[in-house]
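Architecture and fold: a report
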Amino acid sequence: MKILYFLLLFLSLILIKPLWAQDKDDINEADIASGAIFDDKALLEGYSQKYTDEPRDILLAMIGDDSLGSYKCTAAVRVFKEKFADEVLSNEKSNILKILIRRLNRSDSPFVQVEIMHTLIVLDRFQYFDSMVPALIQKMDHYNPVVSNMAYADLQAITKDSLYPREARIVFETLRKIFFLSRNRLQNITSPDEKLSQKIDLLRWSIRILGTQELKRLPSEVINLL
């Protein structure tokens, strides 16, 4: 009887799947977003590297798959954006945009959201700049530093070569609203932290295009930091 007991105990130990062995995407979504369990950046880069040779149609199928975890979906969107977004033909664009927007509306993952927001701008800058850029600026304040840095890196890529006053105006007005809402906190700041420095960098870009007359429309607390 004792031998049978130890045999059953041994089998249960080797058959039960340990926590560390499970797929990272099976972890609760809130825990993933918090960055408390896994190295988000390393996982996203790892999946992106894994999918780098996948054809475009496979990547789109992955993005459209509701059962795909957030890390894998984010990586699929990123690879699609970097390898194929600039090559999409006009007659293909509508269906691809539908896939991305559907995923954006259904996903609670900030990783997926940020990556799709940028991809939509790459695919159709005129249509999506005014809605997605303010959303990306808001994501810069996300508590997860990986999400925040993703949003800032995307905004840098978006604004890098832009000289359009329309786009600069959208960035300026979004930041101006944020700064006015947080002016009580800003008045006690003498040395901006990373997130605030990033916002100020974007603000400087918009002012270079719009002109220094816009400075008078900013709260005095921001002028002191500039």
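Heads up: these notes are all about the structure in this document. (Residues numbered from 1 in each chain as written. Predicted model: local features only at pLDDT ≥ 70, side-chain atom pairs only at ≥ 80, totals over all residues. Heavy atoms only, no water.)

**Quick look at the environment of Arg208**
Along the chain, Arg208 falls in helix H12 (residues 194-210). Given the relative accessible area of 64%, Arg208 is considered exposed. As a C-alpha pair, Arg208 and Leu163 span 45 residues in sequence and 9.2 Å in three-dimensional space. (Helix = DSSP H or I, 4+ residues; strand = E, 2+ residues; numbered from the N terminus. Buried < 20%, exposed > 50% of the residue type's maximum accessible area, 1.4 Å probe, protein only.)

**Details of the side chain of Thr74**
Checked against the element boundaries, Thr74 lands in helix H5 (residues 70-83). Here Val112 takes part through its backbone nitrogen, which lies 3.2 Å from a polar atom of the side chain of Thr74. (Polar contact = N/O pair within 3.5 Å; in protein donor to acceptor, adjacent residues only side chain to side chain.)

**Side note on helix H8 (residues 125-139)**
Of all the bends found along H8, the most pronounced is centred on Ser131 and spans about 35°, while Pro134, a proline, follows it within four residues. Within H8, burial applies to Tyr128, Phe129, Met132, Val133, Pro134, Leu136, Ile137 and Lys139. Those residues of H8 hidden inside the fold are in contact with helix H6 (90-106), helix H7 (110-123), helix H9 (145-159) and helix H10 (165-181). (Bend = angle between axes of the 7 residues up to and from the residue. Contact = heavy atoms within 4.5 Å.)

**Some points on the pattern of salt bridges**
In total, this model carries 17 salt bridges according to the counting rule given. Sharing partners across several salt bridges, the network here consists of Arg169, Glu173, Arg176, Glu214 and Arg217. (Salt bridge = Lys/Arg side-chain N within 4 Å of Asp/Glu carboxyl O.)

**Section: the packing of aromatic side chains**
Overall, the coordinates contain 3 aromatic pairs when judged by the stated rule. For the ring pair Phe80 and Phe84, a centre distance of 6.4 Å and an interplane angle of 35° mean the geometry is tilted. Classification of Phe80 as buried rests on a relative accessible area of 0%. For Arg166, the ring lying beneath its charged end belongs to Phe126, and the centroid distance is 4.7 Å. (Phe/Tyr/Trp six-rings, centres within 6.5 Å; stacked < 30°, edge-to-face > 60°. Lys NZ or Arg CZ within 6 Å of the ring centre and 35° of its normal.)

**What about the packing of H5 against H7?**
When two helices pack together, their arrangement is given by the angle between the helix axes and by the axis-to-axis distance. Remark: H5 packs on H7, axes separated minimally by 9 Å, with the N-to-C direction vectors making an angle of 20°. When the interaxial angle is binned, H5 and H7 end up roughly parallel. Crossing of H5 over H7 shows left-handed handedness. Residues Ser70, Tyr71, Cys73, Thr74, Val77, Arg78, Phe80 and Lys81 of H5 form the contact with H7, whose participating residues are Phe111, Val112, Glu115, Ile116, His118, Thr119, Val122 and Leu123. The residue inventory of the contact of H5 with H7, partitioned by class, reads 9 nonpolar, 4 polar and 3 charged. (Axes fitted to C-alpha atoms, helices over the stretch in contact; angles between N-to-C directions. Parallel < 35°, antiparallel > 145°, perpendicular 65-115°, else oblique. Left-handed = near helix turned anticlockwise from the far one by under 90°. Nonpolar A, V, L, I, M, F, W, Y, C, P; charged D, E, K, R; others polar.)

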